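# Architecture and fold: a report
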Amino acid sequence: MKKIVLAAVGVMLAATPALAEHKLLITDVLDQKQIEAQATFEYTHLTSDLKSPEEHGKQTLNGTESNYSLGVGLGHGLEVTASIPYVFSERDNTQFTGSEAEIEKRDGFGDFALQAKYLLLGGEEEKYAVVTGLGVKFDTAAKDDAGTGTTDISPFIAASTKLGHHYTPYAIYRATLRNHDVQDTHTLSVGLEKQINETFTLDGKIDANFNTASDKVAANEDFVFELSSYIQVAHNLYLLPSVAYLKGTDTTAEGVRISNTDGVRVGAALYYLY
C-alpha cells in the first residue's frame, strides 16, 4: 500500500548510434549493441480510511521517487535491463481519532533489480510481437532506506499487434512472487499506443493488480489508470510525461479495515536510445 512505482535514467555508453526511434513498448526488444537509458521522477499522493473495532482514522502517503534503468540488446531477440530506485522522500502519516499521528519516513536507495526479455514471435517489422521475460528484485537495500525487505521473482508475457493509422494495442500478464510471507501480486494490463506523428505518441494503460492474502493482510485488488506520452526533443532523446489515477479495494490489515483508498501519481521521464 505504501509502494510507489517509478521508472528510470540516462547513461550513455559507446555503441553504434540508432536511427531516430524509441523502444518503449513492452514488446519492443533492443537489437544487438543497442542501449537504452531511462530516468523517471514521480510524485504520489494516496489516502485511505481506517476503522478498527474501537476507533477510526486516516492514512496519507506522500512520496517523491526516481528510478534509473539501463538496458542492453544482446542479439537473437534477447535484452537485459538493470534498474535501481531512489526515494527522495516518503512520508506515511497514520492518525486515529483522539490519538497522535504516527509518521513513518523513508528515503535513500531502493533494491537493485535485473530483468531479461526475449522475443518469442514476430518483431518490430512484423504486424504482431510476443515477448516473455523474468525479473528479479534483490533484497539489497535496508528498510531504513527504501528497501522492501523481500526478494521478488517476476515472470511475465506480453503481446501487441499493429492496426491501421498507427494504433498498437497490447496486453501484459505479470506475476510478482515475494518471500517472507508478503503478498504476491498478479497483474493484468491492457493498453493502446497511438502515434500522432513522428515526434509525439500517446499511450493509455489500465493495470489490474490482484494481491493474494498473507498472515497480516487480506486479499485485495488495486487499479491504475494511466495516460502517458512520448515526446521527441532531440535525436533519440524523449521526454515522457505521465499522470495516473490509483484506486484500491477494501481490505483488512491486522484487524484494521482499510477502505476508500485512492490517489494520483504524476511523473516525467527522460529516455535515450543509443
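So, on to the layout of surface pockets. Taken as a whole, the second largest pocket encloses approximately 560 Å³ of empty space. Lining the second largest pocket are 31 residues; nearest its centre among them are His 22, Asp 28, Lys 162, Glu 193 and Gln 195. Taken together, the elements giving at least two residues each to the lining of the second largest pocket come down to strand E6 (128–137), strand E7 (152–161), strand E8 (167–178), strand E9 (185–195), strand E10 (200–211) and strand E11 (220–234). Its residues assigned to classes, the lining of the second largest pocket shows nine nonpolar, 12 polar and 10 charged.

Once that is clear, we can look at the packing of aromatic side chains. The full count for this structure, using the stated rule, is eight aromatic pairs. Between the aromatic rings of Phe 225 and Tyr 245, the centroid separation amounts to 6.3 Å while the plane-to-plane angle is 25 degrees, which identifies the pairing as stacked. One end of the pair, Phe 225, is in strand E11; the other, Tyr 245, is in strand E12 (residues 237–248), with 20 residues separating them in the sequence. What makes Phe 225 partly exposed here is its relative accessible area of 38%. Among the aromatic residues, those joined into a ring-pair cluster are Phe 41, Tyr 68, Tyr 86, Phe 88 and Phe 109.

On inspection of all chains with the given rule, the structure shows 11 salt bridges. In this structure, the salt-bridge partner of Glu 42 is Arg 265, at a minimum N-O distance of 3.6 Å. Highlighted residues: Glu 42 in strand E1 (residues 35–51) and Arg 265 in strand E14 (residues 256–273), separated in sequence by 223 residues. Exposure remark for Glu 42: the relative accessible area of 7% places this residue in the buried category. Across the pair Asp 49 and Lys 58 runs a salt bridge, and its minimum N-O distance is 3.0 Å. According to the relative accessible area criterion, Asp 49 is partly exposed, its value standing at 24%.

Glancing now at a nonpolar patch on the surface. Together, Tyr 118, Leu 120, Leu 121, Tyr 128, Ile 157, Tyr 173, Leu 188 and Phe 210 line one region of the surface with nonpolar side chains, adding up to about 740 Å² of accessible area. Residue contributions to the nonpolar patch peak at three residues, all from strand E5 (residues 113–122).

For the rest of this paragraph, the subject is the pairing of E7. Each regular strand displays side chains that alternate between the two surfaces of the sheet. What you see with E7 is a clean split: Asp 152, Ser 154, Phe 156, Ala 158 and Ser 160 sit on the buried side and Ile 153, Pro 155, Ile 157, Ala 159 and Thr 161 on the side with no burial. Alignment of E6 against E7, held across 10 bridges, turns out to be antiparallel. Paired with Gly 135 across the two strands is Ser 154, which belongs to E7. Here seven bridges tie E7 to E8, and the two strands are oriented antiparallel to one another. Across the sheet, Ser 160 pairs through a bridge with Tyr 170, a residue of E8. Counted between consecutive antiparallel strands, the loop separating E7 from E8 contains five residues, among which His 165 sits at a positive phi close to 60 degrees.

Another aspect to go through is unusual backbone geometry. Its identity as a non-glycine residue notwithstanding, Glu 254 has a phi of 50 degrees, on the positive side. Inspection of the secondary structure assignment puts Glu 254 in the loop between strand E13 (251–253) and E14. With relative accessibility at 62%, the residue Glu 254 sits in the exposed group. Positive phi, normally seen in glycine, also occurs at Asn 260, with a value near 50 degrees.

Our next topic: the environment of Thr 176. For Thr 176, the position within the fold is in strand E8. The exposure class assigned to Thr 176 is buried, which follows from its relative accessible area of 11%. C-alpha separation for the pair Thr 176 and Phe 156, spaced 20 residues apart in sequence, amounts to 8.9 Å.

Let's shift gears to the confidence of the model for the chain. Summarising the model, the chain shows a mean pLDDT of 91, and 93% of its residues fall at 70 or more. pLDDT under 50 marks residues 1–20. Its contacts with residues more than four places away, or in other chains, come to 69 contacts.

The sheet contact formed by strand E2 (residues 56–75) and strand E3 (residues 78–96) spans 18 bridges and is antiparallel. For Gly 63, the partnering residue across the bridge sits in E3 and is Glu 90. Once E2 ends, the chain turns through two residues before running back antiparallel as E3, passing His 76 with a positive phi of about 55 degrees. With six bridges connecting them, E3 and E5 associate as antiparallel partners. Within E5, the residue paired with Glu 79 across the bridge is Lys 117. Alignment of E3 against strand E4 (residues 102–109), held across seven bridges, turns out to be antiparallel.

Conventions adopted
Residues numbered from 1 in each chain as written. Predicted model: local features only at pLDDT ≥ 70, side-chain atom pairs only at ≥ 80, totals over all residues. Heavy atoms only, no water. 1 Å grid on protein atoms, 1.4 Å probe; cavity = no way out; pocket = protein on both sides within 12 Å on 5 of 7 lines; lining within 4 Å. Points joined across faces, edges and corners; volume = space filled by probe spheres on them. Helix = DSSP H or I, 4+ residues; strand = E, 2+ residues; numbered from the N terminus. Nonpolar A, V, L, I, M, F, W, Y, C, P; charged D, E, K, R; others polar. Phe/Tyr/Trp six-rings, centres within 6.5 Å; stacked < 30°, edge-to-face > 60°. Buried < 20%, exposed > 50% of the residue type's maximum accessible area, 1.4 Å probe, protein only. Salt bridge = Lys/Arg side-chain N within 4 Å of Asp/Glu carboxyl O. Patch = residues over 30% accessible without salt bridge, like charges linked within 9 Å, V, L, I, M, F, W, Y side chains within 5 Å. Areas by Shrake-Rupley, 256 points an atom, 1.4 Å probe, with all protein chains shown as cover. Pairing = 2+ DSSP bridges. pLDDT = per-residue confidence, 0-100. Contact = heavy atoms within 4.5 Å.

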